[in-house]
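Here is what each chain is made of, one letter per residue.
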Amino acid sequence: MRFLAAFAALAFASAAQAAVPADWTTPQAPFRIVGNTYYVGTKDLAVYLITSPKGDVLIDGALVQTVPQIEKNIAALGFKLSDIKLILNTHAHYDHAAGIAQIKKDTGARFDASAADKPILETGSISFGPTKDVHYPPVKVDHVVKDGETVSAGDVHLTAHLTPGHTPGCTSWTWNETEGGKTYRVIDICSVSVAGNPLMNNKAYPGIVEDYRTSIAKLKAMHADVFLAPHAQFYDPQAKEAARKAGGPNPFIAPAALQTFMAKAEAAFDAELARQEAAAKH
Ligand SMILES: [Zn+2]
């Protein structure tokens with residue numbers, strides 16, 4: 001009985017206790033990406049702040065234990081937590097959602113998310129995939145966003161693009177930024193990696209393969225001038241920031257980056273699906 005209780009305690013380890021890659025918690029000095037869009041996350045867990053005179057938006061919340069880093073980064077840029085009026089999420093995995101409950105409390109912001117990720121966010125747990133035993137602080141969804149819906153805070157307007165697969169409610173976000181008199185379309189894609197998700201016989205998410213395929217096709221057909229993602233390792237913003245400091249045009253403005261990324265992501269998906277199909281036959 002005692003052994004069982006100890007085992008259960010392990011299985012229900014909180015997000016804060018889960019062993020995480022060092023890059024997830026390594027501090028990162030914040031920097032501007034384009035226009036009023038800033039990187040305020042950790043070394044690998046991206047968190048984006050988009051500011052306007054009448055209100056700011058934050059996308060993703062990283063981990064419970066990195067909330068102080070994120071809040072310090074926002075202050076270091078000269079922005080106030082209380083100016084954040086809206087928090088959004090790419091997807092309900094704990095490495096992007098565990099810190100949201102605390103940031104919501106600290107800012108008093110509204111939290112908008114998709115219908116399919118809402119139950120995961122509001123229980124702090126997902127029933128399949130590599131993080132199914134990790135529980136994080138639940139966060140109430142104040143407004144459910146639909147595909148193609150534009151949500152606003154102050155002068156910041158972001159459009160939700162449902163791109164399910166990685167999670168059932170995975171949401172990519174687009175918005176416009178102006179720099180040097182030109183307007184640029186920015187995208188923060190939701191992950192399209194398989195990342196340990198079961199693709200075969202996934203009883204919790206039977207349509208997972210079809211959803212991945214639809215989302216990959218949808219993202220491939222989109223246009224973006226600036227490509228952002230929930231993990232820094234997907235596009236190396238640190239190298240781009242270093243290049244910007246060295247002078248020359250803004251390296252974050254790269255209209256081919258989305259398609260380049262998606263071609264690799266699709267090939268990786270095909271390979272992983274083939275691997276899981278072969279494994280399921282044995
Ligand atoms: Zn994820």
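Residues numbered from 1 in each chain as written. Predicted model: local features only at pLDDT ≥ 70, side-chain atom pairs only at ≥ 80, totals over all residues.

K.L.:
Pulling in residues and values, what's your account of the overall build of the chain?
P.N.:
A count of helical and extended segments in the chain gives nine helices and twelve strands. For a compact globule of 282 residues, the expected C-alpha radius of gyration is about 19 Å, and the chain comes in at 19 Å, within 12% of that figure. Considered along the principal axes of its C-alpha atoms, the chain spans approximately 60 × 40 × 35 Å. Burial status across the chain gives 44% buried among its 282 residues. Across the chain, contacts joining residues at least 24 apart in sequence account for 68% of those joining residues at least 6 apart. (Helix = DSSP H or I, 4+ residues; strand = E, 2+ residues; numbered from the N terminus. Rg over C-alpha atoms; globule rule 2.2 N^0.38 Å. Buried ≥ 20, exposed ≤ 12 C-beta atoms within 10 Å, placed from the backbone. Contact = placed C-beta atoms within 7 Å.)

K.L.:
Please set out the pairing of strand 6 (residues 110-114) residue by residue, giving values where relevant.
P.N.:
Burial runs high along strand 6: four of the five residues are buried. Examined bridge by bridge, strand 6 and strand 7 (residues 143-145) share three bridges and lie parallel to one another. Residue pairing in the sheet places Asp-112 in a bridge with His-143 of strand 7. Regarding the hand of the β-α-β motif, the stretch spanning strand 6, helix 6 (residues 118-123) and strand 7 is right-handed. (Pairing = 2+ DSSP bridges. Right-handed = clockwise from strand over helix to strand, strands pointing away.)

K.L.:
Hey, could you go over the nonpolar core for me, with residue numbers and the actual values?
P.N.:
In this structure, Val-47, Tyr-48, Val-57, Ile-87 and Leu-228 are the most contacted members of the largest nonpolar core, which totals 73 residues. If you tally residues by element for this core, the top one is helix 9 (residues 257-281), at five residues. (Core = buried A, V, L, I, M, F, W, Y, C linked by C-beta atoms within 7 Å.)

K.L.:
Please set out the confidence of the model for the chain residue by residue, giving values where relevant.
P.N.:
Averaged over the chain, the pLDDT score is 93; the fraction of residues at 70 or greater is 94%. Under a pLDDT of 50 for its full length, residues 1-13 has, in the predicted model, four contacts with residues more than four places off or in other chains. (pLDDT = per-residue confidence, 0-100.)

K.L.:
Would you mind going over the sheet that holds strand 10 (residues 171-179) in detail, with residue names and values included?
P.N.:
Within the open sheet, the five strands sit side by side as 8-9-10-11-12. Their pairing is mixed. One side of each edge strand has no neighbouring strand; the edge strands of this open sheet are strand 8 (150-153) and strand 12 (226-228). Taking the axes of each pair of neighbouring strands and ignoring which way they run, one obtains an average angle of 25° across the sheet. One ladder, built from four bridges, connects strand 9 (residues 156-162) with strand 10; its direction is antiparallel. In the sheet register, His-161 faces strand 10, and the bridge partner there is Ser-172. (Axes fitted to C-alpha atoms, helices over the stretch in contact; angles between N-to-C directions.)

K.L.:
Hey, could you go over unusual backbone geometry for me, with residue numbers and the actual values?
P.N.:
Even without being glycine, Asp-60 reaches a positive phi, approximately 75°. Positionally, Asp-60 belongs in the loop between strand 4 (56-59) and helix 3 (67-76).

K.L.:
Go over helix 5 (residues 100-107) with me, naming the residues and quoting the values.
P.N.:
Within the span of helix 5, buried status applies to Ile-100, Ala-101, Ile-103, Lys-104 and Thr-107. Buried residues in helix 5, looked at end-on, bunch into an arc of 165°, giving them a common side. Along its buried surface, helix 5 packs onto strand 4, helix 3, strand 5 (84-88), helix 4 (94-97) and strand 6. At the exit of helix 5 stands Gly-108, carrying a positive phi of roughly 75°. (Arc of directions from axis to C-beta.)

K.L.:
Tell me about the pairing of strand 1 (residues 31-34), and please be specific about residues and values.
P.N.:
Pairing of strand 1 with strand 2 (residues 37-39) involves three bridges; the strand directions are antiparallel. Paired with Arg-32 across the bridge in strand 2 is Tyr-38. In textbook terms, the turn of a hairpin is the stretch between consecutive antiparallel strands, and for strand 1 and strand 2 this stretch comprises two residues, one of which, Gly-35, has a positive phi near 55°.

K.L.:
So, the sheet that holds strand 1: which residues are in play, and what are the values?
P.N.:
With mixed pairing, the seven strands of this open sheet are ordered in space as 1-2-3-4-5-6-7. The sheet is open, and its two borders are formed by strand 1 and strand 7, each paired with just one other strand. Between one strand axis and the next, the sheet turns by 30° as a mean value, whatever way the strands run. In the packing of helix 5 onto the sheet, the strands contacted are strand 4, strand 5 and strand 6, and the crossing angle to strand 5 comes to about 165°.

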